[in-house]
Structure formats: C-alpha cells, structure tokens
Amino acid sequence: MKRVFVSAAVLLSALFAQSHVQAQVTVKDAWVRATVAQQKATGAFMQLQSAQDAKLISAQSPVAGVVEVHEMAMDGGVMKMRAVPSLALPAGKAVELKPGGYHVMLMDLKGQVKDGDTVPVTLVVEGKDGKRQNIEIKASARNAAAPAMKQGDGHMHKH
C-alpha cells in the first residue's frame, strides 16, 4: 500500500513540474480602444513577457466575431496592417502590443465597446515544446485620448 502511495506522489510531482515547464507569460497594462456606435473593429493592447521562448498564436473574445494578431508596419511609404500567424515572445523580453505596432484586432464587434467597459480576451500562447497555454485577461476599455494606465492596472488570470 505504501509503495502505491509513494508512486502516485512521485507521478503527481512529475506532472506538476512538467506543467510549470510551459512558457509562463505575464500580461501588463491590458486595454482596448473604446468605440463609437456602429464601429465594427477595435484594437487590444498590452505588454507581454514570457519566462521562456514562446509565441502568441491566437486570441479570442466573446465581444468579437473575429480576433487576430496584427502588425502595422511601413511598406513602401504606406502604413499597412496585416494579420500575422504568430508573434515571438523571446524569453525574458517585454513585447509591447501598442497602437501603430503589433496588436490584437477585434473585428465584427457584437456591440459598442464603451469607455470603462471590461473586455475579456483569451490569448493562446505556444511554448517551444508545442504545448499551448490559454491566458484569460480582462482589458479595460478607454478612449484613445485617455492617459496611459499605471503599471498593474490590467488584470490577468492564467488557465
């Protein structure tokens, strides 16, 4: 009986250790640009930092029919926006999703996103080992002209 108990404890310890090998990603200052009535798209912005090399591969939100990771970049003197298949999260380096750069695009909005609303967003991150992790965040909606949030104002929950 003791041997079975010890084996189970060893197995649980190994599983627990393995679950922590996945990329541990922190999210700071998550916010979404508030919209006007009838506007069908907006952006979500935040700072991501991974303890290990990983990549942001997708996102979802119940407020939008389509959610994509996007990049804005100059192309021949013209600013262009396009979806990207993934966004690298190098170990220990902060990656900023901001207006005019990488961001999460929320399209086919199901309603107006008003200043002060809380917008749930699920980020899907993949580690070097191919394992995926969902990160649930609550982004505060604010007008584009609003001052930047203080560090720590964004909320994050890992799953």
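Residues numbered from 1 in each chain as written. Predicted model: local features only at pLDDT ≥ 70, side-chain atom pairs only at ≥ 80, totals over all residues. Heavy atoms only, no water.

Digging into the nonpolar core
Side chains of nonpolar character tend, in soluble globular proteins, to be buried together. Counting 30 residues, the largest nonpolar core has M46, L48, L56, V104 and L123 as its most contacted members. Beyond its immediate stretch of four places on either side in the chain, M46 contacts V27, K28, D29, A30, V95, E96, L97, V104, L123 and I137. (Core = buried A, V, L, I, M, F, W, Y, C linked by side-chain atoms within 4.5 Å. Buried < 20%, exposed > 50% of the residue type's maximum accessible area, 1.4 Å probe, protein only. Contact = heavy atoms within 4.5 Å.)

Observations concerning the packing of aromatic side chains
Under the definition given, this model contains 1 aromatic pair. For the ring pair W31 and F45, a centre distance of 4.6 Å and an interplane angle of 40° mean the geometry is tilted. Of the two residues, W31 is situated in strand β1 (residues 25-33) and F45 in strand β2 (residues 41-50); the sequence distance between them amounts to 14 residues. For F45, a relative accessible area of 4% gives the class buried. Between the NZ or CZ atom of R142 and the centre of the ring of W31, over which it lies, the distance is 3.9 Å. (Phe/Tyr/Trp six-rings, centres within 6.5 Å; stacked < 30°, edge-to-face > 60°. Helix = DSSP H or I, 4+ residues; strand = E, 2+ residues; numbered from the N terminus. Lys NZ or Arg CZ within 6 Å of the ring centre and 35° of its normal.)

Note that every value here comes from positions in space, so none of it alone points to a role or purpose.
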